[in-house]
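# Summary of the model geometry
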Amino acid sequence: HAKKQGKNNYLFYDSAMGAAGVERLRLETDLRRAIERGQMVLHYQPQVDTHTGNIIGAEALMRWEHPEQGLIPPYKFIPIAEEIGLISQLGNWGLNEACRQLAEFQARGLELSRVSVNLSALQISPMLVSDVESALAQSGLDASALELELTEGIMMDGSQDTVVTLQSLKNIGVRLSIDDFGTGYSSLSYLTRFPLDELKIDRSFVMDIGKSQRNANLVAAIIAMANSLNLELVAEGVETGSQYQFLTEHGAAIIQGYLFSKPVPADALIPMLKERSFDDQIRQLNRGVAF
Ligand code: C2E
Ligand code: MG
Ligand code: MG
Ligand code: MG
């Protein structure tokens, strides 16, 4: 409030805030202008079908190309955008950009059947439904080619509005996925209450597979549960061949992680699609796997 009352108060406020506060205020100001200045960018991380080696989808992950600070990762600006009321605008930009990009890929004959977009809990509102419809209409993308990644927190807010919003999204024909599965304060009942298509087992579980038999058993149980509920399962954060082997042997069909690729700019995804970059790697990896 002080900062709106004039120059002197502004300076006073600044010195009281300290250097970290000043830095944060600058980031906020910069972030408010980042979209119009063309500084936001999506990177894409391939999701690989372990049976065919096909890249069946890509997750869009937002980055901020800051003119002075370079590429800023989402954990440094998404929370700020949420706090200053900018997340819907930012999220909507991402939604449109991801749809535009995939439609462009498809128009060029590149084989990629879907793109996943992360949603903040604060974006879940009736307005989201029209934003999604508009992104699909603008891009001409088929609704089934768009997947929205939700967090367990969204499922757990308990409000009827959330149920209605997610059902409306489902009615449009987009896919709904639960991100970071198993890390939230969750009640499993939401898995049947909401119209979900996919479950993404969190990276932390994948990392723990090798640590103990109990951890490995938990991962196997999550995969079995997803399969029996007819939810597609994506394992994320897969970095090693032994993680791959364990996951696929226990029925995980789609793998996302540094084992195949980090998130890359759209231009770098194109050769991966054209050259079917993971075919050989999948063949090699599957030699050790008893499906
Ligand atoms: P997420 O949706 O769970 O995305 C997966 C994160 O794990 C990404 O980090 C990805 O780069 C990283 N990752 C994938 N495979 C591996 C691996 O094998 N090893 C390791 N160490 N990391 C791996 P990133 O891009 O920094 O994104 C972090 C989080 O920021 C995302 O987690 C998501 O929650 C959020 N985020 C990203 N883009 C958006 C967005 O457009 N909107 C919203 N609301 N949140 C976003
Ligand atoms: Mg995600
Ligand atoms: Mg995740
Ligand atoms: Mg996450």
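Residues numbered from 1 in each chain as written. Chains lettered and ligands numbered in written order. Predicted model: local features only at pLDDT ≥ 70, side-chain atom pairs only at ≥ 80, totals over all residues. Heavy atoms only, no water.

An unreviewed UniProt entry annotates the protein as cyclic-guanylate-specific phosphodiesterase of Parahalioglobus pacificus.

## Re the pairing of strand β6 (residues 175-181)
Residues in a regular strand project their side chains so that they alternate between the two faces of the sheet. Stated formally: Burial classes: relative accessible area under 20% of the type maximum marks a residue as buried, over 50% as exposed, and values in between as partly exposed (1.4 Å probe, protein chains only). Going along the chain from the N terminus, every DSSP run of H or I of four or more residues is numbered as a helix, and every run of E of two or more is numbered as a strand. Two strands make a pair as long as DSSP finds a minimum of two bridges between them.
Within β6, six of the seven residues are buried, which leaves the element mostly enclosed by the surrounding structure. In this structure, strand β5 (residues 146-150) lies alongside β6, joined through four bridges in parallel fashion. Bridge pairing links Leu 150 to Ile 178 in β6. Relative to strand β7 (residues 198-201), β6 is paired through three bridges, and the arrangement is parallel. The residue of β7 that forms the bridge with Phe 181 is Ile 201.

## A few points about the coordination of the magnesium ion (ligand 3)
Here is the rule: Listed donors are limited to N, O and S atoms within 2.8 Å of the metal, widened to 3.2 Å for Na, K and Ca; water is not among them, so incomplete-looking sites are possible.
Taken together, the protein donors to the magnesium ion (ligand 3) comprise Asp 179 (OD), Asp 180 (OD) and Glu 236 (OE), at separations of 1.8 to 2.2 Å. In the primary sequence, the donor residues of the magnesium ion (ligand 3) line up as D-D-x55-E. Take Asp 179: its relative accessible area is 7%, and that puts it in the buried class. On the basis of relative accessibility, which here comes to 26%, the residue Asp 180 falls in the partly exposed class.

## Structural notes on the site of ligand 1
As a reminder of what qualifies: Proximity is defined per residue: any heavy atom of the residue falling within 4 Å of a molecule or strand makes that residue near it. Pairs of N or O atoms within 3.5 Å make up the polar contacts considered here, provided that, within protein, one atom can donate a hydrogen while the other can accept it, and that residues adjacent in sequence are counted only when both atoms are side-chain atoms. Residue burial considers only the protein chains on display, and all accessible areas are found by Shrake-Rupley using a 1.4 Å probe. Polar here means any residue outside two lists: the nonpolar Ala, Val, Leu, Ile, Met, Phe, Trp, Tyr, Cys and Pro, and the charged Asp, Glu, Lys and Arg; Gly therefore counts as polar.
Ligand 1 sits among 21 residues. The nearest are Arg 63, Asn 118, Asp 179, Glu 239 and Tyr 258. The side chain of Arg 63 places a nitrogen or oxygen atom 2.7 Å from an oxygen atom of ligand 1. Separating an oxygen atom of ligand 1 from a side-chain N or O atom of Asp 180 is a distance of 3.0 Å. Compared with its free state, where it exposes 800 Å², ligand 1 has 81% of that area covered by protein. Only β2 (55-66), α2 (74-83) and β6 provide two or more residues apiece to the shell around ligand 1. Ranked by the residues each element gives to the shell around ligand 1, the list is headed by β2, at four residues. For the shell around ligand 1, a count of residues per class yields eight nonpolar, five polar and eight charged.

## A word on the pairing of strand β8 (residues 232-236)
Within β8, four of the five residues are buried, which leaves the element mostly enclosed by the surrounding structure. As paired strands, β8 and strand β9 (residues 254-256) are joined by three bridges and run parallel to one another. Looking at β9, one finds that Glu 236 is bridged to Gln 256.

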